[in-house]
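# Commentary on secondary and tertiary structure
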Amino acid sequence: VQLQASGGGLVQAGDSLRLSCAASGRSFSTRTMGWFRQAPGKEREVVGTIGWSAGSTYYADSVKGRSTISRDNAKNTVYLQMNSLKPEDTAVFYCAATTPLYSGSGYSLNEYAYWGQGTQVTVSS
């Protein structure tokens, strides 16, 4: 599985962005997908996840209420819509995929077997 994240850029505080992650390979619809971010000097952290079975979503407290994760299985793509962006959202954003039919929570980095290359999001004040 190969993942290609896109949609990052330089925006102002309060703006919105939609990140996309296109997956190649098989079994996209049976993989939990996650978005993570890593700010300079900080550890990579979960932003949100979307399950494969019921499409259930999880959001980190830092983005809850401002972000929406969705997936289009017909396009093998997962999205992260972020609104009301803040300077502290500045980071490289990564998408990740689990193995097929994964039954774990998907909240942790080590649950993901495949990673995209990252897309930079910079929010100016």
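Here the structure is shown first, and the text comes after it.
This section reports on the structure supplied with the text. What you see is a predicted model; the values in this text were computed from it and never measured.

## Looking at the pattern of salt bridges
What the rule picks out here adds up to four salt bridges. Asp61 serves as the salt-bridge partner of Lys64, at 3.2 Å between the closest nitrogen and oxygen. Looking at Asp61, the relative accessible area reads 67%, which means it is exposed. Of the charged contacts in the structure, one is a salt bridge between Arg66 and Asp89, with a shortest N-O distance of 2.8 Å. Within this pair, whereas Arg66 is found in the loop between strand S6 (57-59) and strand S7 (67-72), its partner Asp89 is found in the loop between strand S8 (77-82) and strand S9 (91-97), the two being separated by 23 residues in sequence. In this structure Arg66 comes out as buried when scored by relative accessible area, which is 12%. With relative accessibility at 1%, the residue Asp89 sits in the buried group. Where salt bridges share partners, they join Arg37, Glu45, Arg66 and Asp89 into one cluster.

## Overview of the pairing of strand S4 (residues 33-38)
Within S4, five of the six residues are buried, which leaves it mostly tucked inside the rest of the structure. Joining the antiparallel neighbours S4 and strand S5 (residues 45-50) is a turn of six residues, in which Gly41 adopts a positive phi near 75°. Inspection of the sheet shows S4 paired to S9 by six bridges, in the antiparallel sense. From the neighbouring strand, Phe36 faces S9, where its bridge partner is Tyr94.

## Points about the packing of aromatic side chains
Applying the stated criterion to the full structure yields four aromatic pairs. On the numbers, 5.1 Å between centres and 80° between planes, the contact of Phe36 with Tyr112 is edge-to-face. On the criterion of sequence distance, the pair formed by Phe36 in strand S4 and Tyr112 in the loop between S9 and strand S10 (114-115) is long-range, its members being 76 residues apart. Take Phe36 and Tyr112: they sit in the same class, and that class is buried. Ring geometry for Phe36 and Trp115: centres 4.9 Å apart, planes at 50°, overall tilted.

## What about the sheet that holds S7?
Across the sheet, four strands lie side by side as S1-S3-S8-S7; this open sheet has antiparallel pairing. A strand with exactly one partner marks an edge of an open sheet, and here the two such strands are strand S1 (2-6) and S7. Geometrically, the sheet is characterised by an average inter-axis angle of 15° between neighbouring strands, direction not taken into account. Inspection of the sheet shows strand S3 (residues 17-24) paired to S8 by six bridges, in the antiparallel sense. What sits directly across from Leu17, in S8, is Met82.

Calculation rules
Residues numbered from 1 in each chain as written. Predicted model: local features only at pLDDT ≥ 70, side-chain atom pairs only at ≥ 80, totals over all residues. Heavy atoms only, no water. Salt bridge = Lys/Arg side-chain N within 4 Å of Asp/Glu carboxyl O. Buried < 20%, exposed > 50% of the residue type's maximum accessible area, 1.4 Å probe, protein only. Helix = DSSP H or I, 4+ residues; strand = E, 2+ residues; numbered from the N terminus. Pairing = 2+ DSSP bridges. Phe/Tyr/Trp six-rings, centres within 6.5 Å; stacked < 30°, edge-to-face > 60°. Axes fitted to C-alpha atoms, helices over the stretch in contact; angles between N-to-C directions.

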